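# Chains, contacts and geometry: an overview
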Amino acid sequence: MTVPGYDELVVAAMAAPSEGWDFEWVAGRCEGSEPSWSYRDLARAHVAGTDRLLDMDTGGGELLASLGPLPPRTWATEGWPPNISVARRRLEPLGVTVVPSPDKDRLPLPDASVGLVLNRHGSLAAHEVRRVLRPGGVLLTQQVGSEDCADLNEALGASPAHAPDSWTLRTASKELSAAGLRLTLRREEHPVFTFYDIGAVIYHLRMVAWQIPDFSVERYDASLRRLHQRISAEGRINVHAHRFLIAAERPIPSACA
């Protein structure tokens, strides 16, 4: 079996589909980015206990669709236009209302309208989450921290995507608490993320465009070729993801004395 060369891997990675938030194209070519907890399992348990659900930044609706049966009133927001049509095709047959949300600081739902907010790797406007949650409602979020895959940027000679401590369990917890939410669960990890070929690296950087904002194959040609040689020699490159998990609830007001 002939091992694909650098140019062949680049052409394939650049031609691969990038709609939605589906990394099926790199299945078996990168792995290990999940933390020790299962966000899907935690979300499914919470979904079973609510009748009004919001999934923020749903992408192509892949995760939400897997959590059924869904509550009778379920909304999904998405801000990236190419994903909106993908999410509608997947979610509307399940009874989900997909709402465009171009403003990451404003949720297009009324006050106190939902009992559960799910947010997996989406923008997290703390005061807006509190506003749309009814008293006793719950937020469950898994976030990508600011140290995510920083060693990949280093390997390619790119500037860090974020200041190292700008988005962590501590900073997010502080924002949610300041918005008036009560934190009930907090965890943070840096699991290993492995790439097995340079095509997987390039596809990842296409999908996660904020990792290296100025990325292009042409601009990073020399660095990509060096990294390809390293992966070919070692069989892989390991970097570290950065994930944290928070559950929080909007308190129920105390009865007046």
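Let us look at the structure shown here. Since the structure is predicted, the reported quantities are computational estimates derived from the model, not experimental observations.

Calculation criteria
- Residues numbered from 1 in each chain as written.
- Predicted model: local features only at pLDDT ≥ 70, side-chain atom pairs only at ≥ 80, totals over all residues.
- Heavy atoms only, no water.
- Axes fitted to C-alpha atoms, helices over the stretch in contact; angles between N-to-C directions.
- Helix = DSSP H or I, 4+ residues; strand = E, 2+ residues; numbered from the N terminus.
- Parallel < 35°, antiparallel > 145°, perpendicular 65-115°, else oblique.
- Left-handed = near helix turned anticlockwise from the far one by under 90°.
- Contact = heavy atoms within 4.5 Å.
- Nonpolar A, V, L, I, M, F, W, Y, C, P; charged D, E, K, R; others polar.
- Core = buried A, V, L, I, M, F, W, Y, C linked by side-chain atoms within 4.5 Å.
- Buried < 20%, exposed > 50% of the residue type's maximum accessible area, 1.4 Å probe, protein only.
- Salt bridge = Lys/Arg side-chain N within 4 Å of Asp/Glu carboxyl O.
- Pairing = 2+ DSSP bridges.

Here we come to the packing of helix 1 (residues 6–15) against helix 9 (residues 221–234). One can describe the packing of helix 1 onto helix 9 by two numbers: an axis separation of 11 Å at closest approach and a directional angle of 115 degrees. With respect to helix 9, the element helix 1 is oriented roughly perpendicular. Where helix 1 crosses over helix 9, the handedness of that crossing is right-handed. Between helix 1 and helix 9, the residues in contact are Tyr6, Asp7 and Leu9 and Asp221, Leu224, Arg225 and His228, respectively. Here the residues of the contact of helix 1 with helix 9 are counted per class, giving three nonpolar, one polar and three charged.

Once that is clear, we can look at the nonpolar core. The nonpolar side chains of soluble globular proteins are, as a tendency, buried together. Core analysis: the biggest nonpolar cluster contains 30 residues, and Leu152, Phe195, Ile198 and Leu224 have the highest contact counts within it. Contributing elements (two or more residues each) for this core: helix 1, strand 8 (192–195), helix 8 (198–207), helix 9 and strand 9 (237–240). In terms of residue count, the dominant contributor to this core is helix 8 (seven residues). Leu124, Leu139, Trp167 and Leu176 belong to the second largest nonpolar core, which has 23 residues in total.

Right, let's talk about the pattern of salt bridges for a bit. Applying the stated criterion to the full structure yields 15 salt bridges. With a closest N to O distance of 2.7 Å, Asp148 and Arg243 form a salt bridge. A residue pair is termed long-range when its members are at least 10 positions apart, and Asp148 in the loop between strand 6 (133–144) and helix 6 (150–155) and Arg243 in strand 10 (residues 243–249) qualify at 95 residues. Where Arg230 meets Glu234, a salt bridge forms, and the shortest distance between an N and an O atom there is 3.7 Å. One end of the pair, Arg230, and the other, Glu234, are both in helix 9, four residues apart, so they sit about a helical turn from each other. Arg230 sits in the partly exposed class, given a relative accessible area of 37%. Taking the relative accessible area as the measure of exposure, Glu234 reaches 52% and is therefore exposed. One connected set of salt bridges, linked through shared partners, spans Arg106, Asp111, Glu128 and Arg131.

Next up on the list: the sheet that holds strand 9. One open sheet holds the three strands; their spatial order is 1-8-9, and the pairing between them is antiparallel. Each edge of the sheet is formed by a strand with only one pairing partner; in this case those strands are strand 1 (30–31) and strand 9. Bridge count for strand 1 against strand 8 is two bridges, and the pairing is antiparallel. Bridging from a neighbouring strand, Cys30 pairs with Phe195 of strand 8.

Shape descriptors only; they carry no functional weight alone.
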